[in-house]
Each structure stands twice: as structure tokens, then as C-alpha cells.
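What follows is the residue order along each chain.
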Amino acid sequence: MTVTLVAGVDSSTQSCKVVVRDLESGLVVRSGRAPHPDGTSVDPAAWWDALQAAIAEAGGLDDVAAISIGGQQHGMVVLDSAGRVIRPALLWNDTRSAQAAADLAAEFPDIVARTGSSPVASFTATKLRWLRDAEPDNASRVAAVALPHDWLTWRLRGFGPDDAALDELVTDRSDASGTSYWRPSGSYDRTLLVAALGHDVILPRVLGPSESVTAGAIVVGAGAGDNAAAALGLGAAVGDVVVSIGTSGTVFAVTPDPVFDESGAVAGFADATGNFLPLVATLNAARVLDSVAGLLGVDHEELGRLALAATPGADGLVLQPYFEGERTPNLPDATATLFGMSLGSTTRENLARAAIEGMLCALADGLAAVTRLGVDARRILLIGGAAQNEAVQRIAAQVFDVPVSIPTPGEYVALGAARQAAWALTGTLPTWPVPAVAVAPDHHPLIRAHYAARR
């Protein structure tokens, strides 16, 4: 029997991952990985080299019918009229455009209504404004602006400096929604683009969720931003909220309609299916556990064991985990604080538990910011490396007042991109299974109450 294969790519900040899945079952048949360089400003050529290396490690594309690329959002890739990269790309985590973000917000008081989100230093428009002000010669040469996944899709299709077909750049609505110059109604806001860069340029054509282009005989899907691709890989639907505990944390929900938050806490992104993906990002997540585990001289497994030996609420010990400032709430200069220390509460067990509770309460605040906008939250899908810790799972069921499920660990961005590739190939979005284990509900309101009292 002939087996049809599809591939998905996750071009993240740290690395490039490729998975090849069976179209019928969704099973991963092979995979590959290659590292990306460190830094917040990177030559896109490094991503291209990593993509080729990861594809080779995954067995190549000769027998693959379709591919799609998910990638880190917001990064600024600027091209000249010949298709050459003008300068290293500024990544989402490059904060030199913070003042530019404030300037754009002041110039466009209606920017949330126009684009769905309040601009922050992560977003592409702010980086273009920084380029205009800091490197005017480079800014004047810009003929096209792409996001990381847009540029990789373009290169995969055979375009580049030797065949500079800038009008062949394509993107998808999820990644376009993170630029601050795309409207939730589905079109670019070129007034904002010109205000950011100083002149109009070619922008990628926004493909629909199941639309495709080609790379030779291979169907190429629209691609997606990393969070939208992860939601697709998880099979997240309306009513689901994904809580991701990585180095930083994200909370995003699937909604049928766009969400607008004038406070700026919630970004009104689009998803990869035609729905929307309101999202809250926190700076402090798993690294909170890294810090406290290091302080106690234990690994994460022992940190969890200590935490479960303490009672819910850690006898009043509360860790406000703003170790490197915070994005939500917007407290860039904040530091972490330990409250409620007494001779009785200051134990290794309580400190371990306060670390996990504090990290999860900060994410629960993110969920509250989303639900305050009317978003329906019926299930939490808890993902990320720290989500595999038993203590994190059990305490999450005590912190959140929504049922918690733990999907089997996987490269969900790449898996979601492969699912999108299958959709582009067949015209039908496959319903591949996503194994998950529900955590027994055990809500303890006092944990959030103690944490809130210390804000």
C-alpha cells in the first residue's frame, strides 16, 4: 500500500525541527533537528542552513507530498529590490525597539482597534520604526518585509537573491497578526506600515488556512506563527486554553471572534484555522523553577517532591516570581519578592511549593486577563517541559479553576505545521489523535487569594 507523507517545520528561536508524518494516521515516521545561533539579531541565512540540515536528518523531502513551516513570530526580515537580506533580522526578543513601540502607540491611539493588539517591542512594526530612526540608510533600501517563516517558505520554493521574485512572498493570518500592521478583518494597514518604516513596501500575500503554493512537485502550506501552529498540533478548539510553560510562559485561547484589549495585556492574534488566538505572554515561567531549584541545590524532580510535601498555600509563603521584570503585568523593572516569611513558613518544602505556586499563579493571572474579555475557557491544555513535572501538574489543578489536561510531550509546532500541510494537500483538516491525561480537579482558592494579596 502506498503511504503518503507530509512534513512540518518548527523554526524556533533556538533550533529548527522537522517532523515527517503519515497522512492517514498522523504518526511521526522520522524527524530531524539543527541548532540556531544565539542572540536577538540573527542572519536569516543561519535559519536556511539549519532548515536544510534538519530536513536532511529527517530523511529528505523526496517522498514527501506536502510541507508547511511554523516559526517564531514577529522577527523582522528586510529585503532589498534584488531579494538580498539587508541586515541581520531582529528577533521577537530584541527589545531595542521599546521606545519605537511607545511612539507608535502614542501616534495611533486607535491602534488596538485597528490591529487587535497594543504594540510592544516584540512586534515587527516597532522594529521597522527603530530601523527608520537608527539605520536610515538601511531603511531606505527596504523593498520588502517578511517574517521568519515567510522568508523560509520563499527560500524553500527556490526564490532568493538569484531569483528575486518579491511578489512570491506569502504568509498566513496568524503570523501577519503579530506585525502591528495587519487588521483582524484580513488586510494590511499600510498607513501604519508607512508610519513605521517611512515608505510603502511589498508585503507577503496572506494565504487562507488551507491555501497553498508549490516547491516543485511539493505542496507548500501557508505556514503559521509558532503559537498558532502549536494550537493546530494540539487540536485546540473553541473553549480550549493552552498554557505553555517554557523559559517564558504563554496563555492563549481559541475564539471564534477577534478580541480587543485596550489595556494591552492580551494580544489579539489570529489562529491557523480561521479563528482567533488571544494571547498573554509572561517573562517568568520555567526559569522560576530553575532559580529556586538552584538555590535549594536540587534538581526539578526533587523540587517537585519537596513541593508536594508542603500544604497548599505553603503556610502563607508567597513568591512573586518577577525575576527578570515582567511583561504581563507590564513591570519591566520589577524583581522577585518572597512574602510571608516566618519561622514556621520558611522551610525548604514551602519554598519549593511557593516557587511552583507563584509561577502558576502568574499564568493564572494571564488566563484571568483573557477570560475578562469574555473568552470561554472550558479546558486547559498544559504543555512545555515543566508541565511534565508531577508537582506542577497537581498544583496546576489546585491553582486553576478550569479542568487541566496534560498532552503527551511532542514537538507541537512542527506537528501542527504537518497537519496544516495535510490540509493544504487534501483540502480536509485531518483529525489525528492527540493523547492527553486529565488531572484530577483539586481547586484550592486560597492559593490564588494569598498570591493576589501580595500584589
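The structure contained in this document is the topic of the report that follows. Keep in mind that this is a model prediction, so the values were computed, not measured. (Residues numbered from 1 in each chain as written. Predicted model: local features only at pLDDT ≥ 70, side-chain atom pairs only at ≥ 80, totals over all residues. Heavy atoms only, no water.)

A closer look at the packing of helix α11 (residues 300–308) against helix α12 (residues 348–371)
For clarity, the cut-off: A fitted line through C-alpha atoms represents every axis, and for helices the fit uses only the stretch in contact; the resulting angles, taken between N-to-C directions, go from 0 to 180 degrees. A helix here means a DSSP run of H or I that spans at least four residues, while a strand means a run of E at least two residues long, and both kinds are numbered starting from the N terminus. Roughly parallel refers to an angle under 35 degrees, roughly antiparallel to one over 145, roughly perpendicular to one between 65 and 115, and oblique to any angle outside these ranges. The contact criterion used throughout is that any non-hydrogen atoms of two residues lie within 4.5 Å. Gly falls in the polar group here, along with every residue not listed as nonpolar (Ala, Val, Leu, Ile, Met, Phe, Trp, Tyr, Cys, Pro) or charged (Asp, Glu, Lys, Arg).
Put simply, α11 and α12 touch, their axes get as near as 7 Å, and they point 105° apart. Considering the angle they form, α11 stands roughly perpendicular to α12. Between α11, through Leu303, Gly304, Leu306, Ala307 and Leu308, and α12, the contact on the second element is made entirely by Arg348, Glu349, Ala352, Arg353 and Ile356. Broken down by class, the residue content of the contact of α11 with α12 amounts to six nonpolar, one polar and three charged.

Brief notes about unusual backbone geometry
Non-glycine residue histidine 74 carries a positive phi angle of around 75°. For histidine 74, the position within the fold is in the loop between β5 (64–71) and β6 (77–79). Not every positive phi belongs to a glycine, and aspartate 315 is a case in point at roughly 55°. Tracing the backbone shows aspartate 315 in the loop between α11 and β18 (318–320).

Observations concerning the side chain of threonine 13
The criterion, for reference: Type-normalised accessible area, obtained with a 1.4 Å probe on protein chains alone, sets the label of each residue: buried when under 20%, exposed when over 50%, and partly exposed for intermediate values. As used in this structure description, the phrase polar contact means that two N or O atoms lie within 3.5 Å; if the pair is within protein, one of them must be able to donate a hydrogen and the other to accept it, and residues adjacent in sequence are counted only when both atoms belong to side chains.
With respect to the helices, strands and loops of the structure, threonine 13 is situated in the loop between β1 (5–11) and β2 (15–22). Since its relative accessible area comes to 15%, threonine 13 is described here as buried. Within polar-contact distance, the side chain of threonine 13 engages the side chain of tryptophan 92 at 2.8 Å. Not counting residues up to four positions away in its chain, the partners in contact with threonine 13 are His36, Pro37, Gln72, Leu91, Trp92 and Asn93.

Observations concerning empty space enclosed by the protein
Rules: A 1.4 Å probe that fits into a set of points on a 1 Å grid over the protein atoms alone but cannot get out defines a cavity; an open set with protein on both sides within 12 Å along at least five of seven lines defines a pocket, and lining residues are those with an atom within 4 Å of a point. Grid points are joined across faces, edges and corners, and a volume is the space filled by probe spheres set on the points.
Counted under the stated rule, the structure contains two cavities of 30 Å³ or more. Estimated volume of the largest cavity: approximately 70 Å³. Forming the boundary of the largest cavity are Gly313, Leu317, Val318, Leu319, Ala354, Glu357, Gly358, Cys361, Ile447, His450 and Tyr451. Those elements that place two or more of their residues in the lining of the largest cavity are β18, α12 and α15 (445–453). By residue number, the principal contributor to the lining of the largest cavity is α12, which donates four residues. Here the lining of the largest cavity is built from residues that sort into seven nonpolar, three polar and one charged. Space inside the second largest cavity adds up to approximately 60 Å³. Around the second largest cavity sit Val145, Ala146, Leu147, Asp150, Thr171, Ala176, Thr179, Tyr181, Tyr188 and Pro204, which together line it.

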